[in-house]
Amino acid sequence: WMHIVPKTRDGLRVLSEWGSLRYVTNASFLAEFYAKRIAGQAKAFRDFAESQIRFILGENHQEFSFVCGFGLNYPLVPHHRAAHGSWTNDSLERAPNRHVLYGALVGGPKTVHKWSYVNKRTDYQTNEVAIDYNAGFSGALAALVDRHNVLLPAYRVPTEEVGQEFAVYSSIVRNWRKEFQTKIVVHQTTGWPPRRIPLTYRYFLHISAKTDLDVDTLIDSLVVQQVEGLPMQGHPDVSALQLWSRRNSMFYVDVSWPAKFAPYPAPRHHAYETNLKIALHSSAHESVTFARKGDFSYPPRSGKNVNIPLYSDAVLVYGNEAPL
């Protein structure tokens, strides 16, 4: 390694054009290991190991660190799906990575003849990250810290600002005297971190009667008809009509998707589309009405609707609940 493997103008040894730094960091770790066991070669081993790690951390003519988040000039778009955090599921997307993959070592230079590192997400050879890349690197760093008797300061990864991960949009499809239909689209754009989660939206509606009817009679007066979802997302589960507030004659219906139908945000997948149909039952008491425009969740216009709250595992993640 120290004499045969080709090296760059800055002294980095490059064994392979694919993930070259994984090899040199493992060699550096082994050099530190054997420096304690072969006395006559200790200095040469240690000098080799330290020179390679210093290059990786930014001591090169480009002053470039190959460790994400370390230094002032480091890889911005490593090939890593979660760090990319794409909502288009497209590695060719030009937008920067949504997250900094702190501490990850990228593949590194391809050749010794020129500066061959490409800070590009789709260049797997130079910009991929992997567990085996960081394994030898971590060992070499530990050996250097131990040899120099360095007390490392406590370091905390900076807190990321969490963006909006959920939204509900709605519009009226049909608004008849005894029936209405609303299109409800749930947007799931999780990115902190990207994840699969169960989701439930809740539609609140107001039912009233000119005569004093019990809750069960009011509930039986309405029927929640077919809720249509996109086939790829499975058929959503629809609850029975439930009482929310007796004082306000407020009721609700829940529409839910299990986690298995919640893939990573991607085109057509992150938008859960349904058509919710609610109508007066043919046998409803003649005094029963549902105002629709008086409903808490009734869309005032097409667009975002914060009055259709969204839950994940019974925890409110978006919107407002109706008053009790």
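In what follows, the structure referred to is the one given above.
Here is what the cut-offs are and how they apply
- Residues numbered from 1 in each chain as written.
- Predicted model: local features only at pLDDT ≥ 70, side-chain atom pairs only at ≥ 80, totals over all residues.
- Heavy atoms only, no water.
- Helix = DSSP H or I, 4+ residues; strand = E, 2+ residues; numbered from the N terminus.
- Buried < 20%, exposed > 50% of the residue type's maximum accessible area, 1.4 Å probe, protein only.
- Pairing = 2+ DSSP bridges.
- Core = buried A, V, L, I, M, F, W, Y, C linked by side-chain atoms within 4.5 Å.
- Contact = heavy atoms within 4.5 Å.
- Polar contact = N/O pair within 3.5 Å; in protein donor to acceptor, adjacent residues only side chain to side chain.
- Expected span 1.5 Å × (residues − 1).

Focus: the overall build of the protein chain
Phase 1: For the protein chain, the count of helices and strands is 6 helices and 13 strands.
Phase 2: Counting across all 324 residues of the protein chain, residues that qualify as buried make up 45%.

Regarding the pairing of strand E2 (residues 179-188)
Phase 1: Across the 10 residues that make up E2, a large majority, 8, are buried.
Phase 2: Across 9 bridges, strand E1 (residues 166-175) lies against E2 in antiparallel orientation. By the bridge assignment, Ser170 is partnered in E2 with Ile184.
Phase 3: Once E1 ends, the chain turns through 3 residues before running back antiparallel as E2.

So, the nonpolar core
Phase 1: Formed by 28 residues in total, the largest nonpolar core has its most connected members in Leu21, Ile56, Phe66 and Leu105.
Phase 2: Those elements that place two or more of their residues in this core are helix H1 (20-35), helix H2 (42-56) and helix H5 (131-148).
Phase 3: The element best represented in this core is H2, accounting for 7 residues.
Phase 4: Every residue in contact with Phe66, bar those within four places of it in the chain, is listed here: Leu21, Phe55, Ile56, Asn60, Pro75, Ala104, Leu105, Val106, Gly108, Pro109, Trp115 and Tyr117.
Phase 5: Grouped together as the second largest cluster of nonpolar side chains are 27 residues, Ala167, Tyr201, Leu222 and Ile308 included.

Digging into the side chain of Ser170
Phase 1: Mapped onto the fold, Ser170 is located in strand E1.
Phase 2: Note on Ser170: relative accessible area 4%, which makes it buried.
Phase 3: For Ser170, the side chain forms a polar contact with the side chain of Asn305, separated by 3.0 Å.
Phase 4: Discounting chain neighbours no more than four positions away, the residues touching Ser170 are Thr182, Lys183, Ile184, Pro299, Arg301, Ser302, Gly303, Asn305 and Ile308.

Comments concerning the pairing of strand E13 (residues 315-318)
Regular strands place their side chains on alternate faces of the sheet.
Phase 1: As judged from the 3 bridges shared by strand E12 (residues 310-312) and E13, these two strands associate in the antiparallel manner. When the sheet's bridge partners are listed, Leu310 is paired in E13 with Tyr318.
Phase 2: Here E12 hands over to E13 after 2 residues, with Asp313 in that stretch at a positive phi of 50°.

What to know about H2
Phase 1: The end-to-end C-alpha distance of H2, which contains 15 residues, comes to 22 Å, matching closely the 21 Å that a straight helix rising 1.5 Å per residue would cover.
Phase 2: Ala42, Phe45, Phe48, Ala49, Glu50, Gln52, Ile53, Phe55 and Ile56 are the residues of H2 that are buried.
Phase 3: Tucked inside the fold, the buried residues of H2 contact H1 and H5.

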